Amino acid sequence: MPPIASPLRLALVALIAAPGACGGASAVDEARDAVVIAGPPPFAIAPRTEWPTEGWPTATPESVGVDPGALAHLADYAFARNGDDHDRKGQRTNALVIIKEGKLVFERYARGYTADTPLLTWSVSKSVAGTLVGRAVMDGRLDVNDPVARHYPPADRDGVREIRVHDLLRMSSGLDWNETYETSPIFSSVMAMLYTRGKDDMAAFVASHDLAHPPGTRWSYSSGDTMLMMGALRGAVGEEAWAEYPWTALFDKIGMRTAVWERDGAGTYVGSSYLYASARDLAKWAFLYLNDGVWAGERLLPEGWVAFSLTMAPAYYQTELTPGTLDDNPGAQVYLNVGDPSRAVPKPWPAAPDDLFAAQGHWGKSIFVIPSHDLIVVRLGDDRHYACDRPDADDGCQPDVNKAFSKAHFLELVMATVKR
Amino acid sequence: MIRKILKYFGIAVGIVLALVAVFVLLNWSQLSAFPRLPSSYEAKELCSCLFVEGRTQEHCEAFIRQDVVPIDGRTYDMEGKSVTVRALWTESRAHHVSPRVGCVLDP
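Residues numbered from 1 in each chain as written. Chains lettered and ligands numbered in written order. Predicted model: local features only at pLDDT ≥ 70, side-chain atom pairs only at ≥ 80, totals over all residues.

(A) Highlighting the overall build of chain A. Helix and strand content of chain A: 14 helices and 11 strands. For chain A, the C-alpha radius of gyration of 21 Å lies close to 22 Å, the compact-globule estimate for 420 residues. Across its three principal axes, chain A shows a C-alpha extent of roughly 70 × 50 × 45 Å. Excluding contacts between residues fewer than 6 apart, the proportion of contacts in chain A whose partners are at least 24 apart in sequence is 66%. (Helix = DSSP H or I, 4+ residues; strand = E, 2+ residues; numbered from the N terminus. Rg over C-alpha atoms; globule rule 2.2 N^0.38 Å. Contact = placed C-beta atoms within 7 Å.)

So this is what it looks like as structure tokens:
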């Protein structure tokens with residue numbers, strides 16, 4: 001950009017950033033219906049007497065209605081080894097932690113990992129990044145209806161300035177983005193963001209993309225949307241608070257002491273991919289959501305935040321699904337298990353109830369939460385081959401669930417532990 | 001006859017080369033960035049595997065192994081907590097910043 005454009009750009013930014021001072025909202029504000037964060041929790045909240053801030057209370061499986069035999073069966077499946085580390089086949093579970101009714105009933109680690117290891121979570125990070133945005137909303141630092149450009153000036157470009165914070169939370173920015181990993185490394189936007197063209201300033205890299213669709217009209221899984229969201233969050237929080245923000249806003253509150261969150265070259269936390277934490281600590285994130293954002297008597301997330309997070313992205317219903325996206329039920333940086341009956345799309349994990357929600361990451365990282373059973377299952381693996389969770393799947397997946405990790409089968413075994 | 005074949009062959013080769021050139025020009029930003037990807041990926045993920053997850057060098061090399069692009073060399077500075085990887089005529093380095101924020105790739 002030629003230097004002469006800078007003052008003009010700054011003036012535009014100032015105009016968008018301070019509509020109140022100018023005596024009216026900008027045109028961008030009125031274009032679309034506002035998202036309202038309010039209302040009761042989406043499921044019944046169990047009363048709690050203990051909080052796991054300093055560590056999880058433990059219980060025997062039997063005492064909280066978990067079948068020990070089914071639990072052993074589940075563990076056998078998760079920790080079965082069908083190959084050595086060189087061929088990277090089989091289940092390759094690193095950590096499995098099960099919390100029932102707020103108590104640790106099972107944990108096991110393998111492949112050298114332990115209860116205290118901060119484990120790579122890949123895109124599970126996104127769900128926790130969504131929580132950080134919720135914390136900032138709680139503190140009044142930003143509103144999900146704000147244009148992203150209000151908090152992140154590089155997004156003040158043609159088209160891109162129409163993107164709202166909630167579009168990013170729901171991966172509905174409309175940005176022209178290619179989210180492939182190993183299959184198409186040259187043209188993968190996410191690989192470029194993490195490792196080459198975007199690594200020094202990931203949010204700016206995302207903001208430099210043009211729109212492929214009007215914001216809010218298409219759902220498309222995007223690490224870019226999450227990183228642009230982190231850029232907006234950083235702007236909203238301010239530089240002084242930013243350095244410690246994940247800790248002061250969340251980790252210190254709920255006792256996620258093992259958490260490590262890596263940053264890009266510009267110092268923005270890589271919300272899309274680089275949170276590391278122990279399986280026990282990740283279960284605390286799930287517990288916060290199971291309690292509708294309240295922790296030990298303190299409301300950390302706005303009323304209605306959990307319900308908003310667990311509402312399917314509206315753009316999903318206008319988006320043509322492909323075999324690769326048929327099992328994705330996107331909430332706000334969280335995944336659901338409801339399918340789309342209007343299009344005869346079955347729910348991804350038939351054995352698990354409709355109220356299940358999940359945080360999910362590449363290579364077999366999952367946090368499954370089932371409110372109706374007051375159950376949290378954290379399973380972190382390093383799967384390089386996936387079992388075919390759909391009978392019609394045809395993408396090189398392994399048809400035998402005993403030769404590669406199957407989330408659908410795993411959840412079948414999980415449900416068997418809590419059958420009443 | 002042979003001349004005619006050669007002529008058409010030459011035209012075909014010309015068209016293919018022109019198409020390749022157009023493809024390269026249209027996708028230059030992606031293509032030119034690609035050689036950095038293998039070394040950059042390995043440096044960052046090795047650094048985090050070693051200094052965030054605290055795993056062994058053997059475990060970490062098995063974790064980041066990719067069987068597509070040959071790696072020319074990896075240099076570990078276990079004291080200074082950094083990893084340098086060379087591949088496709090480029091070199092990438094990642095270093096451990098602090099216990100809270102883990103590793104980052106050098107600019």
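(B) Geometry of the overall build of chain B. Looking only at helices and strands, one finds 4 helices and 4 strands in chain B. Taken over C-alpha atoms, the radius of gyration comes to 21 Å for chain B, far larger than the 13 Å a tight globule of 107 residues would show. Referenced to the eigenvectors of the C-alpha coordinate spread, the extents of chain B come out at roughly 70 × 25 × 15 Å. Of all 107 residues assigned to chain B, the portion counted as buried reaches 30%. (Buried ≥ 20, exposed ≤ 12 C-beta atoms within 10 Å, placed from the backbone.)

(C) A look at the interface of chain B and chain A. The partner chain A presents 24 residues to the 26 residues of chain B that form the contact. Those elements that provide at least two residues to the side of chain B that touches chain A are helix H2 (28–33), helix H3 (36–51), helix H4 (57–64) and strand S4 (102–105) of chain B. No other element matches the 6 residues that H3(B) contributes to the side of chain B that touches chain A. A per-class count over the side of chain B that touches chain A returns 14 nonpolar, 7 polar and 5 charged. (Nonpolar A, V, L, I, M, F, W, Y, C, P; charged D, E, K, R; others polar.)

(D) Main features of the packing of helix H4 (residues 124–138) of chain A against helix H9 (residues 223–237) of chain A. Residue and element names in this part refer to chain A. Between H4 and H9, whose axes approach to 10 Å, the crossing angle comes to 30°. Comparing the axis directions of H4 and H9 gives the class roughly parallel. Remark: the crossing between H4 and H9 carries left-handed chirality. Residue-level inspection shows Lys126, Ala129, Leu132, Val133 and Ala136 of H4 in contact with H9, the latter providing Thr226, Met229, Met230, Leu233, Ala236 and Val237. For the contact of H4 with H9, a count of residues per class yields 9 nonpolar, 1 polar and 1 charged. (Axes fitted to C-alpha atoms, helices over the stretch in contact; angles between N-to-C directions. Parallel < 35°, antiparallel > 145°, perpendicular 65-115°, else oblique. Left-handed = near helix turned anticlockwise from the far one by under 90°.)

(E) The arrangement of the nonpolar core in detail. In this structure, A:Leu228, A:Met229, A:Val369, A:Ile376 and A:Val378 are the most contacted members of the largest nonpolar core, which totals 130 residues. Within the second largest apolar cluster, 5 residues are counted, among which are A:Met171, A:Ala313, A:Ala315 and A:Tyr316. (Core = buried A, V, L, I, M, F, W, Y, C linked by C-beta atoms within 7 Å.)

(F) The arrangement of the pairing of S4(B) in detail. All names here are of chain B. Pairing of strand S3 (residues 90–98) with S4, which is carried by 4 bridges, proceeds in the antiparallel orientation. In the sheet register, Ala94 faces S4, and the bridge partner there is Leu105. Hairpin connection between S3 and S4: a loop of 3 residues separates the two successive antiparallel strands. (Pairing = 2+ DSSP bridges.)

(G) Unusual backbone geometry, seen in detail. Residue and element names in this part refer to chain A. If you check the backbone angles, Ala344 has positive phi at about 60° while not being a glycine. Turning to its location among the elements, Ala344 is positioned in the loop between strand S8 (335–336) and strand S9 (357–361). Assessed through the 7 C-beta atoms surrounding it within 10 Å, Ala344 is described here as exposed.

(H) Looking closely at the confidence of the model for chain A. When pLDDT is averaged along chain A, the result is 90, and 91% of the positions lie at 70 or above. Scored below 50 in pLDDT, residues 1–29 of chain A shows 20 contacts in the model against residues more than four places distant or in partner chains. (pLDDT = per-residue confidence, 0-100.)

(I) Structural view of the environment of A:Ala351. Residue and element names in this part refer to chain A. Structurally, the position occupied by Ala351 is in the loop between S8 and S9. C-alpha separation for the pair Ala351 and Val124, spaced 227 residues apart in sequence, amounts to 22 Å. Apart from residues lying up to four places away in sequence, Ala351 is in contact with Ala408, Leu411, Glu412 and Met415.

(J) Quick look at the pairing of strand S10 (residues 365–370) of chain A. Residue and element names in this part refer to chain A. With 6 of its 6 residues buried, S10 lies for the most part within the structure. Neither face of S10 is left uncovered, since the one carrying Lys365, Ile367 and Val369 and the one carrying Ser366, Phe368 and Ile370 both have all their residues buried. Looking at chain direction, S9 and S10 are connected through 5 bridges and run antiparallel. Note that in S10 the partner of Phe357 across the bridge is Val369. With 6 bridges connecting them, S10 and strand S11 (residues 375–381) associate as antiparallel partners.

(K) A look at the sheet that holds S8(A). Residues and elements named next belong to chain A. Strand order in the open sheet formed by 6 strands is S2-S1-S11-S10-S9-S8, with antiparallel pairing between adjacent strands. Two strands in the sheet have a free side with no partner beyond their single neighbour: strand S2 (103–109) and S8. With 6 bridges connecting them, strand S1 (residues 93–100) and S2 associate as antiparallel partners. Note on S2: the bridge partner recorded for Val97 is Glu107. Of the strands in this sheet, S9 and S10 are in contact with H4, which crosses S9 at around 125°. Across the face of the sheet, helix H12 (residues 279–290) comes into contact with S1, S10 and S11 while running at roughly 145° to S11.

(L) Main features of helix H1 (residues 2–26) of chain B. Here H1(B) spans 36 Å end to end across 25 residues, near enough to the 36 Å set by a 1.5 Å rise per residue. Within H1(B), only 0 of the 25 residues are buried, leaving the element largely exposed. (Expected span 1.5 Å × (residues − 1).)

(M) Layout of H12(A). Residue and element names in this part refer to chain A. Between its first and last C-alpha, H12 extends 16 Å over 12 residues, near the 16 Å set by a 1.5 Å rise per residue. The buried fraction of H12 amounts to 12 of the 12 residues, a majority that puts the element mostly inside the structure. Buried residues of H12: Ala279, Arg280, Asp281, Leu282, Ala283, Lys284, Trp285, Ala286, Phe287, Leu288, Tyr289 and Leu290, and no others. One or two residues past the end of H12 sits Asp292, with phi positive at roughly 55°.

(N) Molecular detail of the sheet that holds strand S2 (residues 82–87) of chain B. Residues and elements named next belong to chain B. Strand order in the open sheet made by the 4 strands is S1-S2-S3-S4, with antiparallel pairing throughout. Of all the strands in the sheet, just strand S1 (73–77) and S4 have a single pairing partner and so form its edges. In this sheet, neighbouring strand axes are inclined to one another by 20° on average, regardless of whether the strands run parallel or antiparallel. Here H3 sits on the sheet in contact with S2, S3 and S4, set at roughly 25° to S3.

(O) Representation of the environment of A:Val260 in the model. Inspection of the secondary structure assignment puts A:Val260 in strand S4 (residues 260–261). Residues A:Val260 and A:Ala359, spaced 99 residues apart in sequence, show a C-alpha to C-alpha distance of 17 Å. Apart from residues lying up to four places away in sequence, A:Val260 is in contact with A:Pro118, A:Tyr276, B:Val52, B:Pro99, B:Arg100 and B:Gly102.

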